[in-house]
Amino acid sequence: MNQDDFTRVDEYLVEALLDRDEVLDQALADSRAAGLPAINVAPNQGKLLMILAQMVGARRILEIGTLGGYSTIWLARALPPDGELVTLEYDPKHAEVARRNIERAGLADRVEVRVGRGVDLLPGLTGPFDFVFIDADKASNPDYFTGALALSRPGTVIVVDNVVRAGAVLKADGDPNVEGIRRMNALIAAEPRVTATAVQTVGSKGWDGFCLVRVVE
Ligand code: SAH
Ligand code: DHB
Ligand code: MG
């Protein structure tokens, strides 16, 4: 098993189960053309996020880390017409690309892109959110988890991307991204208001994982 196999299987799964999607393809093409890194979730992961948000009947979604709006579009598609998604992005260039992509997806009425550091923007938000996707700088994950929890209600689901990073999560050698993941896991484990798990994933985006948190009280 190697990366080529994981990529080929992802291509098969996407071909087998996902509809062709011009809007999402164009969002990635424009993101690439603007020089954004290809660190968006994979299509089958994006659809997983949409389905999870649909399963909790999300009407208000918070995303931390917009990039070009690829995961944003998947998540916003889970919303009813009067739902709303707030997405936080540090880089104004990323936010601008995302706004264009979200507009083209017909979701601009439901999505607000706020520009700034996640830790600075979170205190200005009003909860509760029904679903939160954390996918920005990994070093800040402890703050993002704490901030997301403060904006949650019982039943809110929080999903965190990139919690495995090709196994780097095992190496407690001072990498601030890895420290961020591990400190977040410790916070989650010590927090009586949530129940959580994490799963490893392989696919077109390599070897990584999602942490899934459910707020219970
Ligand atoms: N969720 C996106 C990918 C996000 S990549 C998708 O799957 O399509 C991570 C993003 O977080 C990048 O756009 C980066 O600019 C942004 N970011 C980095 N540091 C940040 C911070 N402190 N606050 C908010 N966003 C940040
Ligand atoms: C990186 C960030 C991501 O959100 C991701 O899914 C993959 C990689 C990164 O910063 O390298
Ligand atoms: Mg990610």
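Data block above holds the structure.
Residues numbered from 1 in each chain as written. Chains lettered and ligands numbered in written order. Predicted model: local features only at pLDDT ≥ 70, side-chain atom pairs only at ≥ 80, totals over all residues. Heavy atoms only, no water.

A. Structural detail: the coordination of the magnesium ion (ligand 3). Each protein donor to the magnesium ion (ligand 3) is listed here as D135 (OD), D161 (OD) and N162 (OD1); together their distances run 2.0 to 2.1 Å. Donor residues for the magnesium ion (ligand 3) sit on one chain with the sequence pattern D-x25-D-N. (Donors = N, O, S within 2.8 Å, 3.2 Å for Na, K, Ca; no water.)

B. Examining the nonpolar core more closely. Core analysis: the biggest nonpolar cluster contains 29 residues, and I61, L75, F131, F133 and V159 have the highest contact counts within it. Among the secondary structure elements, those contributing two or more residues to this core are α2 (22-33), α3 (43-55), α4 (70-76), α5 (92-104), β3 (111-115), β4 (131-134) and β5 (157-161). Here this core takes five residues from α4, the largest share from any one element. Once residues lying within four places of it in the same chain are set aside, the contact partners of V159 are L49, L52, F131, V132, F133, I134, F210, C211 and L212. Of all hydrophobic cores here, the second largest spans 27 residues; its members include F129, I158, I181 and C211. (Core = buried A, V, L, I, M, F, W, Y, C linked by side-chain atoms within 4.5 Å. Buried < 20%, exposed > 50% of the residue type's maximum accessible area, 1.4 Å probe, protein only. Helix = DSSP H or I, 4+ residues; strand = E, 2+ residues; numbered from the N terminus. Contact = heavy atoms within 4.5 Å.)

C. View of the site of ligand 2. Residues in contact with ligand 2, as listed here, are I39, D135, K138, D161, N162 and R165. I39 places a main-chain nitrogen or oxygen 3.2 Å from an oxygen atom of ligand 2. N162 places a polar side-chain atom, nitrogen or oxygen, 2.8 Å from an oxygen atom of ligand 2. Contact with the protein chains hides 64% of the accessible area of ligand 2, taken as 300 Å² for the molecule alone. The class makeup of the residues in the shell around ligand 2 is one nonpolar, one polar and four charged. (Near = heavy atom within 4 Å. Polar contact = N/O pair within 3.5 Å; in protein donor to acceptor, adjacent residues only side chain to side chain. Areas by Shrake-Rupley, 256 points an atom, 1.4 Å probe, with all protein chains shown as cover. Nonpolar A, V, L, I, M, F, W, Y, C, P; charged D, E, K, R; others polar.)

D. Local environment of α2. For α2, spanning twelve residues, the distance from its first C-alpha to its last is 16 Å, which sits close to the expected 16 Å at 1.5 Å a residue. Within the sequence span of α2, burial applies to L24, A27 and S31. Buried residues of α2, viewed axially, fall in a sector of 55°; they line one side. The outward face of α2, more than 90 degrees from its buried face, is lined by the exposed residues E22, R32 and A33. Looking at the buried residues of α2, the elements they touch are α4 and α5. Between the side-chain oxygen at the start of α2 and the backbone nitrogen of V23 there is a gap of 3.3 Å, and the oxygen is on D21. At the C-terminal side of α2, G35 shows a positive phi close to 85°. (Expected span 1.5 Å × (residues − 1). Arc of directions from axis to C-beta.)

E. The arrangement of the sheet that holds β4 in detail. If you walk across this open sheet you meet the seven strands as β3-β2-β1-β4-β5-β7-β6, and the pairing is mixed. On the outer flanks of this sheet lie β3 and β6 (194-203), each paired with one strand and no other. Between one strand and the next, the sheet's axes are offset by a mean angle of 15°, whatever the strand orientation. Here β6 pairs with strand β7 (residues 206-215) via ten bridges, running antiparallel. For T195, the partnering residue across the bridge sits in β7 and is R214. Taken strand by strand, helix α7 (residues 141-150) contacts β1 (60-64), β4, β5, β6 and β7, and its axis lies near 170° from that of β4. (Pairing = 2+ DSSP bridges. Axes fitted to C-alpha atoms, helices over the stretch in contact; angles between N-to-C directions.)

F. Representation of a nonpolar patch on the surface. A surface patch of nonpolar side chains, about 410 Å² in accessible area, is lined by V9, Y12, L13 and L17. Mapped onto the elements, Y12 comes out in helix α1 (residues 3-17). Taking the relative accessible area as the measure of exposure, Y12 reaches 54% and is therefore exposed. (Patch = residues over 30% accessible without salt bridge, like charges linked within 9 Å, V, L, I, M, F, W, Y side chains within 5 Å. Salt bridge = Lys/Arg side-chain N within 4 Å of Asp/Glu carboxyl O.)

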